[in-house]
Every structure is written in C-alpha cells, then in structure tokens.
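# Geometric and topological summary
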Amino acid sequence: MSHPAVTDIGYTAVHTVYQEPWLGNIKKPDIYKWIDNFLLLTLGGIPWQAYFQRVLSSSSATYAQVLSFLAAFGCLVMAVPAVLIGAIGASTDWNQTEYGDSDPKDNYEADMILPIVLQYLCPVYISFFGLGAVSAAVMSSADSSILSASSMFARNIYQLSFRQSASDKEIVWVMRITIFVFGAAATAMALLAQSVYGLWYLSSDLVYIIIFPQLLCVLFIKGTNTYGAIAGYLFGVILRITGGEPYLHLQPLIFYPGWDQEQQIQRFPFKTLAMLTSFFTNIGVSYLAKYLFESSTLPPKFDFLDAVVAKHSKENMDKATLVKSDNIVLNELAPVNPRHSLTLSSTFTNKEAFSDIDSSPDVSAAEDN
C-alpha cells in the first residue's frame, strides 16, 4: 500500500482511476445468481473432509462446537488480507512497475494477483518469504488432499465395497496406486484450469449438490436409506450437469428462466434447485421403499441393498419376524449366526474342573461299570 505506484484504495473504491472502482455492485438481474452462489459456498463448505477431520479429532463435542464457531469468524478475518491485496492490485499504476505496460486484469492474470503483488510491489526479501510461504501452503494442502483421497478410496470403496478380506499390504498398494492416479489428475487439472477460484468453486458446487443433502438426511431425517440416497444422488447430478458448466465447457441442456444467451449464463438459482431436488428425492424414495417392503408389497428378496428388510444379514435377521409374513417360506430364510462363537465359549470353560471330575475314583468306577 505504501508503494509509489499504488493510489489510495479508499479513493479507487468509488472512483475510476486505472480501472473501474474495485468495490463493485450487484446488478438486479444477478441477485438470484448471487444468492445461489452464496448458499453454494456457505452450505457447500460444511461437508468438506478437511472440516470433519478436525471435528472428529477434537477431544470433546463442546470443543468441536467452539472450534467450529471460532473458525467461522476466523474465515471472515482471514478474508480481509485477500480483499486488501485485490484492492491494491486494482489501485496500482502497473506502468510504474517492472510488470509491464498493461495491468494483470487485461492480461487475464487477475487470479494471480497475490504473487504479482508480492513480486512487483514488495521488497525482495518480502517477495522471497511471501512466495515461499504461498508455495509451502499450496504443497501442504495438495499432498494432504491427495493422501486423504487415496486413503478414503482404499478404505471406504475398495475394501468395504469390493474386497472386505483385503490384507493390510494390499490396501497399502491400492493407496500407492491411487496416489499416483489422483496426483496425475490433479496435475492435469492445474495445467488445464484457467482459474484456481473456478476449481474451488466447482468443488464446492459438487459437494453442495451431492453430499450436503445426504448429510442432512443422515443427521436429521430418520428413515432415509440407501435407495433414497442413490435416487437423490442421480437426480441432483443430472439437474446439475444439464444446467451447464463453463469451467468444464459443458453446454446447458436445460435453459432455466433468466437464461442470458449473450453471456451464456444461467441467472436462475438452478444449483440450489438441484440440491433441494436431491434432498426431497432422498426422503421420498426412502419412505416409499420403506413402505413397500414393510407392507409386504414387495418381497424381502428384492431388497438387494439390505437397506430396509436386510433379509440377507445373518446377524440382524430374526426368523420369528420373517415367518409372520405370508409370502416368505422357510427355505428362503438366512441362517442366524450364534452370538458367541465356540472359541469364546471355550474360553470361559473351566477345563481343570472337568479334568478333576474325570479323574475322580467315583467317576472311574462308574465308567468301569
């Protein structure tokens, strides 16, 4: 801010100097789009894995709640430096710096304003430590994200869904392979993406539409099941993809009210619509499946996901409950495992007592007779 090429940011906030005022305003046709994006970034940031890592690692539920509220205010405080750096970039006469004749906005480098400001408007030592800190933060976030993604894939998808009997060595090799695959995919995205903010925006978009409704149903809606989750997932993804996505060069298939043909922009809050559709579809399909199976409209053998009747679950199924239904025959029943294994029962057997009885004179005489 003290650089000779930088004009007072308070003056450039409302006056045109080197470019339009950086403060900006929201035009009336864009109100619903801004509301849609506000809900997306706010609610879509809740089911992030990084947040749940810290919540689950808290020593108590109270500490997790306090940490969450403090983090919310911390996000507002940490947004101030970003706003200041952006305002400084918009208030700079870049002709007086070594950057060049045009400003970063005209060169389509507005998303790189942080390293540009550190390099051209700060002393050399500030640039050195500042760019090093940014690089370290990026690499730390990148490797932790790739590692967490690969570990979740190896544990939650590969082992639990496909290979329940997989050994630890096999899981480690799956993690190594997925780290390489996810790292290559992340590198390709970094080279092809035009904006880091766009990638973050798109990630929040997917989390908001796909995961956030599922989280609400799991925590607050009793009775939702796997059938509703799958149906809600599919409906949400279909509505989101058909709305188009500029960052992925996807053309919209559904043109919602307020479609801007000139700028190719959906002004209708279709992302929130997709999220609500996924949420209510999850609830509706879950209760429909629950009613169909519990009323015997559909036989239990059609519950192939074991989400309602759980006919094929050997631990939770009770034969007496199944026999009450007229359309179930005994040969369809799954055997019920005993609660205590033979190993467990033999553990609590006093073998010495039985050996003493077998070796007693009375028992020997009785055996001889």
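The residue count restarts for each chain, going from 1 along the sequence in the order it is written. Selection of residues for local features in this predicted model requires a pLDDT of at least 70, selection of side-chain atom pairs for listing and counting requires 80 or more, and totals for whole chains, interfaces and linings are taken over all residues. To obtain the side-chain values, all non-hydrogen atoms of the structure were included, while hydrogens and water were left out.

### Some points on the environment of Asp8
- By the element assignment, Asp8 lies in the segment before helix H1 (9-12).
- Note: C-alpha distance between Asp8 and Ser91 (83 residues apart in sequence) is 7.1 Å. The way it works is that DSSP assigns letters per residue, a run of H or I at least four long becomes a helix, a run of E at least two long becomes a strand, and they are numbered from the N terminus.

### Structural notes on the pattern of salt bridges
- One side-chain nitrogen of Lys or Arg within 4 Å of one carboxyl oxygen of Asp or Glu is enough to make a salt bridge. Counting across every chain of the model gives 7 salt bridges.
- The salt bridge partner of Arg240 is Asp205, with a shortest N-O separation of 2.7 Å. With a gap of 35 residues between them, Arg240 in helix H9 (residues 226-242) and Asp205 in helix H8 (residues 196-220) connect regions that are remote in the sequence.
- On the accessibility criterion, Arg240 (7% relative accessible area) is buried.
- Each residue's exposure class comes from its accessible area (1.4 Å probe, protein chains only) as a fraction of the maximum for that residue type: buried when under 20%, exposed when over 50%, partly exposed otherwise. With a relative accessible area of 0%, Asp205 lands in the buried category.
- It is possible to trace a salt-bridge network through shared partners that takes in Asp205, Arg240, Glu245 and Lys271.

### A word on the packing of aromatic side chains
- Stacked, tilted and edge-to-face are the three classes assigned to paired rings of Phe, Tyr and Trp, where Trp is represented by its six-membered ring and a pair needs centres within 6.5 Å; plane angles under 30 degrees give stacked, over 60 edge-to-face, the rest tilted. Going through the model one piece at a time under the given rule, you end up with 11 aromatic pairs.
- Summarising the aromatic geometry, the rings of Phe128 and Phe129 are spaced 5.4 Å apart at their centres and angled 85° between planes, so their arrangement reads as edge-to-face.
- Judged by relative accessible area, Phe128 falls into the exposed class, the value being 60%.
- Within the aromatic cluster, the residues linked to one another by ring pairs are Trp94, Tyr99 and Tyr120.
- In this analysis the charged atom, NZ for Lys or CZ for Arg, is taken to sit over a ring once it is within 6 Å of the ring centre and within 35 degrees of the ring normal. The ring of Trp173 has Arg176 sitting right over it, with the charged end atom 4.7 Å from the ring centre.
- Here the basic side chain of Lys301 rests over the ring of Phe302, its NZ or CZ set 5.9 Å away from the ring centre.

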